[in-house]
Structure formats: C-alpha cells, structure tokens
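Chain residues, written in single-letter form:
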Amino acid sequence: MTTQQDIEQKLTDEVVASFARTPDPRTRELLQALTKHLHAFIREVRLTEQEWAKAIEFLTATGHITDDKRQEFILLSDVLGASMQTIAVNNEAYGNATEATVFGPFFVEESPLIGNGGDIAAGASGTRCLVEGSVRDTDGNPVPGARIEVWEADEDGFYDVQYDDDRIAGRGHLFSEPDGSFSFWGVTPTAYPIPHDGPVGALLRAADRSPMRAAHLHFMVSAAGFRTLVTHIFVEGDPQLEIGDAVFGVKESLVKKFAEQPGDKPWTRTEFEIVLAPQQ
C-alpha cells in the first residue's frame, strides 16, 4: 500500500534525479542538496498552499524593492543569519587572523582615494574620530600596500547612498604604508536600524525582532597573497551590544575602545590592528 510519505519521497527523488545530468559537478551538488533540504522543510512544517503563496509574494516584493542602491536580498540573508553562516564556512579560523563579519548592503565600488591621514567623512554628520592601526600577517610582519576600504553611516544612521542626492560621504580607500601602518578620520559610529520599510522589516515585525544594528565601522582589506578580509569594528560600551545585533555580526574580538579626547570640540580615537590570513 502506498503511503502519503511514499508519495512525498517519490516526488523528492524524481526532482533530485532530474538534476543528475547537470554537467558541472558543483552545480549538480548544489541543486540536488537544495532540492532535498527544501522538500524536507516543506514536509516537516506541512506547508500550506496559502503559506507558499505568501512566500512567493514576499520574495517578489523583495525583488521589486531591490535596486542599484538597495539590496533587499542581502538584507534578508543578513537577518536570517545566512550571511554570517556563509562567512563562517568560508573564513576558517587561522592563527591570530582578524575575524570576518558581514559585508552589508551599502558597499559601493570606486570609493574616493583619501590617502593616509585623510578624511572619509566628507561632510557626514557625527563626532570626529581618528582611526589608527596597521596591517600585518599572522607572523607579525607588516603588509605594505594593502588596500583598505572603509565605509560607515552618519550619526543619523544613514549611508550616503540612502540620500536622494549624489553625495559621496562616509566612505573611501587608502593603502597601508611600508611599515604596515594606516590612519584616517571619520565619524564615531552610532547604532542605527537596518532599512525596515520593506519586506525584511515586515518579517522582523512579525517575529518581534529589533531592526537595530550595533554601532560599527566597515572594513574590507585586500593584499596579494592574503585572504581578503571583510569585517567591522564595534564601539565598546554601545548598549546595542547587550541587546543584540539584527544581522548577528558582532564578535568580541572586534569590539574596540573609542576613547573620548580632550579639546574644544569632542572627538574620539581608536586603534585597529588588522591581521590577514594567507591566501588558501
């Protein structure tokens, strides 16, 4: 006698087998594994046709709101922890190398070259901040000429691309000196909400989850012979660290002290020693 379980398993097997002739082995592996896990999810939760239709509606809305300045699919991946899990899989711990974290949806190619000691703020609002550090390998040797991309939100929690004008602010790139050192000016990071006026925001509200991100500054560091590092540094003492980060990006090793400095105008100073893992 054929059971309901047999019917469901037969369909899964047929779909998996349909990909058996996929020429590229890796593509075949991905498609077959995805099919197995997707069918297992549907069967486990006994997904209704109405729920399936709502899921399609959600993904369609996610596509519609995505454009060249807003990547809602990355945002969805972030809040589901899929981004951080992919990072964990692809950035295995290596000695004392700096830990990686989420890329985020607001990186922009062709950022301005600011040079060492330059200013990425370019008019972005916020308390001035001096960031100093060095780029080294896991043996402590300096890495000269490493490209350091940096980007951040202003004190109102917005990146330049979220404004309607064509401003370029709160981002730039520079290169490490022969001794590995670097420095630049920006603004002291503040906590802010991820964009929550779209499908991902609706998902968070349905789950009674906060859209807030802990205060952070983005880095992407690359150099020949080394694994490209995508990471943040977070602000020690930020209350959001205790409450939680909407995209699960916080790691204890990346929390840094942003020390307040004396002077007529308030400003802060922090240090970030970057250690790159070798290219594998």
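Residues numbered from 1 in each chain as written. Predicted model: local features only at pLDDT ≥ 70, side-chain atom pairs only at ≥ 80, totals over all residues. Heavy atoms only, no water.

J.: Tell me about the packing of helix H3 (residues 49-65) against helix H6 (residues 199-206), and name the residues and values.
T.: For the pair H3 and H6, interaxial distance at closest approach is 9 Å and the crossing angle is 135 degrees. With respect to H6, the axis of H3 lies oblique. Only Pro199, Val200 and Leu203 of H6 make contact with H3, whose side of the interface consists of Phe58, Ala61, Thr62 and Ile65. When grouped by side-chain class, the residues that make up the contact of H3 with H6 number six nonpolar, one polar and no charged. (Axes fitted to C-alpha atoms, helices over the stretch in contact; angles between N-to-C directions. Helix = DSSP H or I, 4+ residues; strand = E, 2+ residues; numbered from the N terminus. Parallel < 35°, antiparallel > 145°, perpendicular 65-115°, else oblique. Contact = heavy atoms within 4.5 Å. Nonpolar A, V, L, I, M, F, W, Y, C, P; charged D, E, K, R; others polar.)

J.: Give me the packing of aromatic side chains: which residues, what numbers.
T.: Working definition: an aromatic ring pair is given by the centre-to-centre distance plus the angle between the planes. For the structure shown, the criterion picks out eleven aromatic pairs. Look at Phe158 and Tyr163: their rings are 5.8 Å apart centre to centre, the planes differ by 65 degrees, and that puts the pair in the edge-to-face class. What makes Phe158 partly exposed here is its relative accessible area of 39%. Through pairs of rings, three or more aromatic residues link up here, namely Phe182, Phe184, Phe219 and Phe272. In this structure, Arg167 is placed above the aromatic ring of Tyr163, and the distance from its NZ or CZ to the ring centre is 3.7 Å. (Phe/Tyr/Trp six-rings, centres within 6.5 Å; stacked < 30°, edge-to-face > 60°. Buried < 20%, exposed > 50% of the residue type's maximum accessible area, 1.4 Å probe, protein only. Lys NZ or Arg CZ within 6 Å of the ring centre and 35° of its normal.)

J.: Provide a residue-level description of unusual backbone geometry, including the pertinent values.
T.: A positive phi is found at Arg46, a non-glycine position, where the angle reads about 55 degrees. With respect to the secondary-structure elements, Arg46 resides in the loop between helix H2 (25-45) and H3. Looking at Arg46, the relative accessible area reads 48%, which means it is partly exposed. Non-glycine residue Phe248 carries a positive phi angle of around 60 degrees. Secondary-structure assignment places Phe248 in the loop between helix H7 (240-243) and strand S10 (255-256).

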